[in-house]
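Secondary and tertiary structure notes
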Amino acid sequence: MKKQTVLNITAHLVLLAGAVTMILPFLWTVSTSLKQLSEVFVFPPKLFGQEIRWVNYLHISDRFPFSIYFLNSLKITIIIVIAQLITSSLAGFVFSRLRFRGRDPLFGLYLATMMVPAQVMMIPNFIVMRHYNLVDTHWSLILPALVSAFGTFLLRQFFLTVPSALEDAAKMDGCTPFGMYWRIFVPLSKPAMATLGVFVFMGSWNDFLAPLVYINTQNKMTLPLGLASMQGMYSTDWPVLMAGTVITIIPLIIIFLLAQDFFIKGVTLSGLKGE
Amino acid sequence: MNTENHSGLAGNEAIYAAAKQAGLTSTLRKWFQKDGAWALLLLLPNILGFLAFTLIPVLGSFMLSFTSWDMLSPVKWVGVDNYANLVKDETFIKVFWNTIYFAGVSVPLGMVISLLLAVALDRDIRFKKFYRAAYFLPVVSSMVAVAVVWQFIYNPEYGLLNYFLGMLGIAGPNWLTSTSWAMPAVILTSIWKNVGFNMLIFLAGLQGISESYYEAAELDGARWHHKFWYVTVPLLSPTTFFVTVMSFIGSFQVFDTVFLMTQGGPARSTSVIVHYLYENAFKYFNMGYASAMAYVLFFMMFIVTVIQFWYQKKRSAY
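Residues numbered from 1 in each chain as written. Chains lettered and ligands numbered in written order. Predicted model: local features only at pLDDT ≥ 70, side-chain atom pairs only at ≥ 80, totals over all residues. Heavy atoms only, no water.

With that settled, the discussion passes to the overall build of chain A. Scanning chain A from terminus to terminus reveals 15 helices and zero strands. Its C-alpha atoms give chain A a radius of gyration of 24 Å, clearly above 19 Å, the size a compact globule of 275 residues would have. In terms of overall dimensions, chain A has a C-alpha envelope of 75 × 70 × 35 Å along the principal axes. Taken over 275 residues, chain A has a buried fraction of 53%. Across chain A, contacts joining residues at least 24 apart in sequence account for 74% of those joining residues at least 6 apart. For chain A, the accessible area works out to roughly 12500 Å², and carbon and sulfur atoms hold 68% of it. (Helix = DSSP H or I, 4+ residues; strand = E, 2+ residues; numbered from the N terminus. Rg over C-alpha atoms; globule rule 2.2 N^0.38 Å. Buried < 20%, exposed > 50% of the residue type's maximum accessible area, 1.4 Å probe, protein only. Contact = heavy atoms within 4.5 Å. Areas by Shrake-Rupley, 256 points an atom, 1.4 Å probe, with all protein chains shown as cover.)

As structure tokens, this is what we get:
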């Protein structure tokens, strides 16, 4: 019993030290975003400045179309999340429940492409986008993200767990495959869909490379790219830069706190495929 | 079976006749009479997207890697020249070793830390939810935001890191502008960002180990470190295997971290393959050369996966 207590205290100490290391930089970001520029350079560093300057948050939008970045990110992310939920659930249903020739090789091909690095696809995709004059439009970010092998895989795994008795009953009632998908599999898979949705949201909201490659115009930038462009120009104005950082992170933290279990499930599900 | 299939076939009598002539009818009809038509219909968006943005680009990139093309002049076939040039390109050799350096340090170190945290979190302790959330905070944050914060932390004059080091009597270096310290700094940030992700996967693996093994070990008089080495580590090996492969694959592709924190500098000391690839493709429009790099990257990932699977097979006793 006593040994257990010692081990538990050790565990707490390890976890606490780690947690402080994880949280401190965020705390520091928030505190810096509320300081005056001169106070940033005070040594030793203080957590709070003399006054709390909310006005730094207003200054961002004076210099950058931050609300436009925000709306762009929101628009693109929502479209991609909805599209991937539809396409992945349809494909997941087909690969788990319908029987047709060539199903397994096709699914194998899907899985195999998960191993190909995005950089391999990036170059031809850029060439094609340029050919169709889609560079510097949101289409270049949305189109390649409408379909996902990972999402297909994730939902297929889930659909496989749905008992086939339900399927047989539906067939007996004259349900078409689409009817079965729509009336049985979609309602049953809400948690799995939520998990995928949250995961895709995170990936799309944080995506940096694709906007960097495709978007040049300020008004079309997403939050990460906007923040990066801001960093280039105002690298010395730390409080304003930190305010932009806070704005970029906060929506994800809110979603994470609201949907923590789905995030965790997404990570563990993506981890389970190795076993 | 359902009217839609038949009308679809009736509308294409010419194709049907041609198929009949080629002796394909029965196969075709069988295919359609099963779920084939429905599958095709429901998979249509996926197949189109998959063809247009994955399969064709993968093949296109492979073709491009044997050409020299700047997107203005006509495509020139150069055979394996791009690959031959990569081996001679000093910058590529440098970024190749930088990538190995990054992966070789960040993967093992990140694994040890995340396993340690997962083992601590797997105990029956309080505040589990808080710890889990704290470690997951960096995982959900965008890399751009993380890079901004860490550049500030690494600042030699007013950054937090050197302040803490100063308290210990250590004069910290100018992290991001030193050719020897920039890479360790980038690695540290990357581990900090990803440790929560791996920790959760390890945690799921640990929870899959049955309590009875530990009880049996205890009856044999095993102490906690015996239990860790002789029960936890071997039984966790499928998870460890997965995390290793994924971490290597992820760190071979590192880009955001480097691009945002150091732009590959100083003196290319933090430039990695994807960074050099990005420059070649989207700054200088050397599309063929960049494609060859993408395939070298693919090959590296392939090798790691093969090695890991081979290793896994060899010790698949668990």
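The discussion continues.
On to the layout of surface pockets, then. Over the atoms rolls a probe the size of a water molecule, and its path tells where empty space is left. Within this model, the second largest pocket holds a volume of roughly 1200 Å³. Considering the residues around the second largest pocket, the lining is formed by 33 residues, among which Val 119, Ala 120, Arg 123, Phe 228 and Thr 232 of chain B are closest to the centre. The biggest single contributor to the lining of the second largest pocket is helix α1 (residues 2-33) of chain A, with seven residues. Residue composition of the lining of the second largest pocket, by class: 18 nonpolar, seven polar and eight charged. (1 Å grid on protein atoms, 1.4 Å probe; cavity = no way out; pocket = protein on both sides within 12 Å on 5 of 7 lines; lining within 4 Å. Points joined across faces, edges and corners; volume = space filled by probe spheres on them. Nonpolar A, V, L, I, M, F, W, Y, C, P; charged D, E, K, R; others polar.)

A word on the interface of chain A and chain B. Residue-level contacts link 93 residues of chain A with 93 residues of chain B. When chain A packs against chain B, the two sides together hide about 8500 Å² of surface, and 78% of this comes from carbon and sulfur. On the chain A side of the interface with chain B, the three residues burying the most area are Leu 15, Met 22 and Met 115 of chain A, jointly 8% of the side's total. In this structure, the connection of chain A to chain B is made through one salt bridge. (Buried area = accessible area lost by both parts, 1.4 Å probe. Salt bridge = Lys/Arg side-chain N within 4 Å of Asp/Glu carboxyl O.)

With that out of the way, let us pick up the packing of aromatic side chains. Geometry of an aromatic ring pair is reported as the spacing of the ring centres plus the angle between the planes. Summed over all chains, the structure comprises 45 aromatic pairs over all chains. Between Phe 159 of chain A and Phe 185 of chain A, the aromatic rings sit 5.4 Å apart at their centres with planes inclined by 85 degrees, giving edge-to-face as the arrangement. One end of the pair, Phe 159 of chain A, is in helix α8 (residues 149-159); the other, Phe 185 of chain A, is in helix α10 (residues 177-188), with 26 residues separating them in the sequence. The same class applies to Phe 159 of chain A as to Phe 185 of chain A, namely buried. A ring pair is formed by Tyr 163 of chain B and Phe 164 of chain B, whose centres lie 5.6 Å apart and whose planes are at 55 degrees; its orientation type is tilted. In this arrangement the basic side chain of Arg 130 of chain A is found over the ring face of Phe 285 of chain B, its NZ or CZ atom lying 5.4 Å from the centre. (Phe/Tyr/Trp six-rings, centres within 6.5 Å; stacked < 30°, edge-to-face > 60°. Lys NZ or Arg CZ within 6 Å of the ring centre and 35° of its normal.)

Its location among the elements puts Ser 204 of chain A in helix α11 (residues 190-206). Leave out the neighbours within four places in its chain, and Ser 204 of chain A touches Ile 76, Thr 77 and Ile 80 of chain A.

The next point concerns the side chain of His 275 of chain B. Among the structural elements, His 275 of chain B can be located in helix α14 (residues 273-283). Excluding its chain neighbours within four sequence positions, the residues that come into contact with His 275 of chain B are Phe 255, Phe 259, Gln 263, Gly 264 and Arg 268 of chain B.

With that out of the way, let us pick up α11 of chain A. Spanning 17 residues, α11 of chain A covers 24 Å between terminal C-alpha atoms, matching the ideal 24 Å at 1.5 Å per step. Burial of α11 of chain A is extensive: 13 of the 17 residues sit out of reach of the surface. (Expected span 1.5 Å × (residues − 1).)

If you look at the biggest cluster of nonpolar residues, it comprises 183 residues, and the most contacted ones within it are Phe 93, Ile 123 and Phe 208 of chain A together with Tyr 135 of chain B. With residues up to four places along the chain from it excluded, the contact list for Ile 123 of chain A reads Leu 64, Leu 277, Ala 281, Phe 282, Met 287, Ala 290 and Ser 291 of chain B. (Core = buried A, V, L, I, M, F, W, Y, C linked by side-chain atoms within 4.5 Å.)

Before going further, it helps to spend a moment on the pattern of salt bridges. Pairing is possible between side chains of opposite charge, provided their charged atoms come close. Within the structure shown, the criterion is met by six salt bridges over all chains. Among the ionic pairs, Asp 261 of chain A bridges to Arg 132 of chain B, the shortest N-O distance being 3.9 Å. Here Arg 132 of chain B lies in helix α6 (residues 128-140) and Asp 261 of chain A lies in helix α15 (residues 260-272), a pairing that spans two chains. One salt-bridge network, in which partners are shared between bridges, spans Arg 268, Glu 279 and Lys 283 of chain B.

Time to look at α8 of chain A. Helical geometry note: an α-helix holds 3.6 residues per turn, so side chains three or four residues apart project in the same direction. Residues and elements named next belong to chain A. Where burial is concerned, most of α8 is hidden: eight out of the 11 residues are buried. For α8, the full list of buried residues reads Ala 149, Gly 151, Thr 152, Phe 153, Leu 154, Leu 155, Arg 156 and Phe 159. Two or three places before Phe 150, at the start of α8, stands the capping residue Ser 148, its side-chain oxygen 3.3 Å from that residue's backbone nitrogen. (Polar contact = N/O pair within 3.5 Å; in protein donor to acceptor, adjacent residues only side chain to side chain.)

Time to look at the packing of helix α5 (residues 90-121) of chain B against helix α12 (residues 237-252) of chain B. All names here are of chain B. Where α5 meets α12, the axes come as close as 9 Å, and the angle between the chain directions of the two elements is 145 degrees. Between α5 and α12 lies a crossing of right-handed hand. Contact with α5, carried on its side by Thr 99, Phe 102, Ala 103, Ser 106, Val 107 and Met 111, involves Thr 240, Val 243, Thr 244, Ser 247, Phe 248, Ser 251 and Phe 252 of α12 and no other residues of that element. The residue makeup of the contact of α5 with α12, split by class, is seven nonpolar, six polar and no charged. (Axes fitted to C-alpha atoms, helices over the stretch in contact; angles between N-to-C directions. Left-handed = near helix turned anticlockwise from the far one by under 90°.)

Here we take up the environment of Val 243 of chain B. Residues and elements named next belong to chain B. Within the secondary structure, Val 243 sits in helix α12. Accessibility expressed as a relative area gives 1% for Val 243, which makes it buried. For the pair Val 243 and Met 111, spaced 132 residues apart in sequence, the C-alpha to C-alpha distance is 7.8 Å. Residues contacting Val 243, with those up to four places away along its chain left out, are Met 111, Asn 198, Ile 201 and Phe 202.

A word on a nonpolar patch on the surface. Residue and element names in this part refer to chain B. Residues Phe 299, Phe 302, Ile 303, Val 306, Ile 307, Trp 310 and Tyr 311 make up a contiguous nonpolar surface patch of about 720 Å² in total accessible area. With respect to the helices, strands and loops of the structure, Trp 310 is situated in helix α15 (residues 287-314). Note on Trp 310: relative accessible area 54%, which makes it exposed. (Patch = residues over 30% accessible without salt bridge, like charges linked within 9 Å, V, L, I, M, F, W, Y side chains within 5 Å.)

Relative placement of two packed helices is described by the angle separating their axes and the distance separating the axes. Where helix α6 (residues 118-131) of chain A meets α15 of chain B, the closest approach of the two axes is 8 Å, and the angle between their N-to-C directions is 155 degrees. On the basis of their axis angle, the class for α6 of chain A and α15 of chain B is roughly antiparallel. Here Gln 119, Val 120, Ile 123, Phe 126 and Ile 127 of chain A of α6 of chain A come into contact with α15 of chain B, specifically with Met 287, Ala 290, Ser 291, Ala 294, Tyr 295, Leu 297 and Phe 298 of chain B. The residue inventory of the contact of α6 of chain A with α15 of chain B, partitioned by class, reads 10 nonpolar, two polar and no charged. (Parallel < 35°, antiparallel > 145°, perpendicular 65-115°, else oblique.)

Before going further, it helps to examine the confidence of the model for chain B. All names here are of chain B. Mean pLDDT over chain B: 86, with 88% of residues reaching 70 or higher. Note on residues 1-11: pLDDT under 50 across the span, and eight contacts to partners over four residues away in sequence or across chains. Interface confidence for the predicted complex, given as ipTM, is 0.89, next to a pTM of 0.88. (pLDDT = per-residue confidence, 0-100.)

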